[in-house]
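Structural characterization, general
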Amino acid sequence: MQRIFLFLYRIRAFLLFVLLEAIAISLIVSNNTQQGSAFFNSSNELSGSVFQTQSNIVDYFSLSSVNKSLMEKNAQLLSELEALRKPADSIFIPLDTAMYATMQFKGAKVINNSLRLSQNHLTINKGSNHGVRTGMGVINEQGVVGRVKSVSRNFSTIISLLHTELLVSSKIQTNDVFGSTKWDGLNPQQAKLMYVPRHVVVEIGDQVVTSGYNSIFPEGIPIGTVIEVMPGTDTNYLDITLKLDTDFSKISYVYLVESFQQKELDSLYQSTGISNE
């Protein structure tokens, strides 16, 4: 403490000078309109710049919570949109459950993602504690991502669309011809549309979406765009290559599709021996 007082004593002349300068500036600013206006404009600009920088820093560190909030809001909007897209029955029956939406959406963050394997998976930060179940469809804002494979209490593993054993029921949007989308294990940006008959006219640029023929994905979720159509080695079907809409190298958040009819349909398909893609 004694050293501090000695230091202040040595610079007493400088401190007195600073004090007098501050008093002089205060008198000039308070008694002269022009100088006062210039001073306050400059101080406002400086403080505004400081507050802007502070705001940018706070916003940067709060991006995680903002993204989470947006993800949850988007999940809610997707559920509402699905409800609006459901066609009403021709006759109104108050107790008819077909009048209600059959799907809702849950948001989740991707914490792991593989791209280099023939059977790729993703891991998300939601599990059974959050209502996630095996078999749920998974999408993002671009299109189809995959299907839930296994679930723990707080995490889930998803079979990626970039998985050579995953089939997604699909249709060509322009003509409603359906097939199945499957990855061939080669290019992570491309997949094959299978089981489209040779007599069907398929054009480059045609959009392929989910068919809605199962309880996993709602109808019309983007999958990819046709970039190549070949006769194929099978005499019955075309060889169609798609450019996938989903960029799997940049997935951060996904939405889980919860179908209220999935268990019933799965049970029905199992009892009849039908494969539910």
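Residues numbered from 1 in each chain as written. Predicted model: local features only at pLDDT ≥ 70, side-chain atom pairs only at ≥ 80, totals over all residues. Heavy atoms only, no water.

**Thoughts on the pairing of strand β9 (residues 207-210)**
Selection criterion: Pairing between strands is defined by DSSP: at least two bridges between the two strands are required. Helix numbering and strand numbering both begin at the N terminus, where a helix is a DSSP run of H or I of at least 4 residues and a strand a DSSP run of E of at least 2.
Strand direction decides the pairing type here: strand β6 (residues 168-172) and β9, joined by 3 bridges, are antiparallel. Note that in β9 the partner of Ser170 across the bridge is Thr210. Bridge count for β9 against strand β10 (residues 222-230) is 3 bridges, and the pairing is antiparallel. Counterpart to Val208 in the pairing with β10 is Gly224.

**A word on the packing of aromatic side chains**
Filter applied, for reference: A pair of aromatic rings is counted whenever rings of Phe, Tyr or Trp (Trp by its six-membered ring) have centres within 6.5 Å, and the orientation is called stacked for planes under 30 degrees apart, edge-to-face for over 60 and tilted otherwise.
Under the definition given, this model contains 2 aromatic pairs. Judged by centre distance (5.2 Å) and plane angle (65°), the rings of Phe178 and Tyr213 are edge-to-face. Of this pair, Phe178 sits in strand β7 (residues 178-182) while Tyr213 sits in the loop between β9 and β10, and the two are 35 residues apart along the sequence. Judged by centre distance (5.8 Å) and plane angle (80°), the rings of Tyr195 and Tyr237 are edge-to-face.

**Quick notes on the pattern of salt bridges**
Side chains bearing opposite charge may pair, as long as their charged atoms lie close to each other. Rules: The term salt bridge refers to a pairing of a side-chain nitrogen on Lys or Arg with a carboxyl oxygen on Asp or Glu at a separation within 4 Å. Only protein chains enter the accessibility calculation, which uses a 1.4 Å probe. A residue is then buried if its area is under 20% of the maximum for its type, exposed if over 50%, and partly exposed in between.
Across all of its chains, the model carries 5 salt bridges by this definition. Between Glu258 and Lys106 there is a salt bridge whose closest N-O contact spans 3.5 Å. Placement of the pair is Glu258 in strand β12 (residues 253-259) and Lys106 in strand β1 (residues 103-113), with a sequence separation of 152 residues. On the basis of relative accessible area, Glu258 is assigned to the buried category, the value being 10%. Among the ionic pairs, Lys171 bridges to Glu219, the shortest N-O distance being 2.4 Å. Taken together, the residues Lys171 in strand β6 and Glu219 in the loop between β9 and β10 connect sequence positions 48 residues apart.

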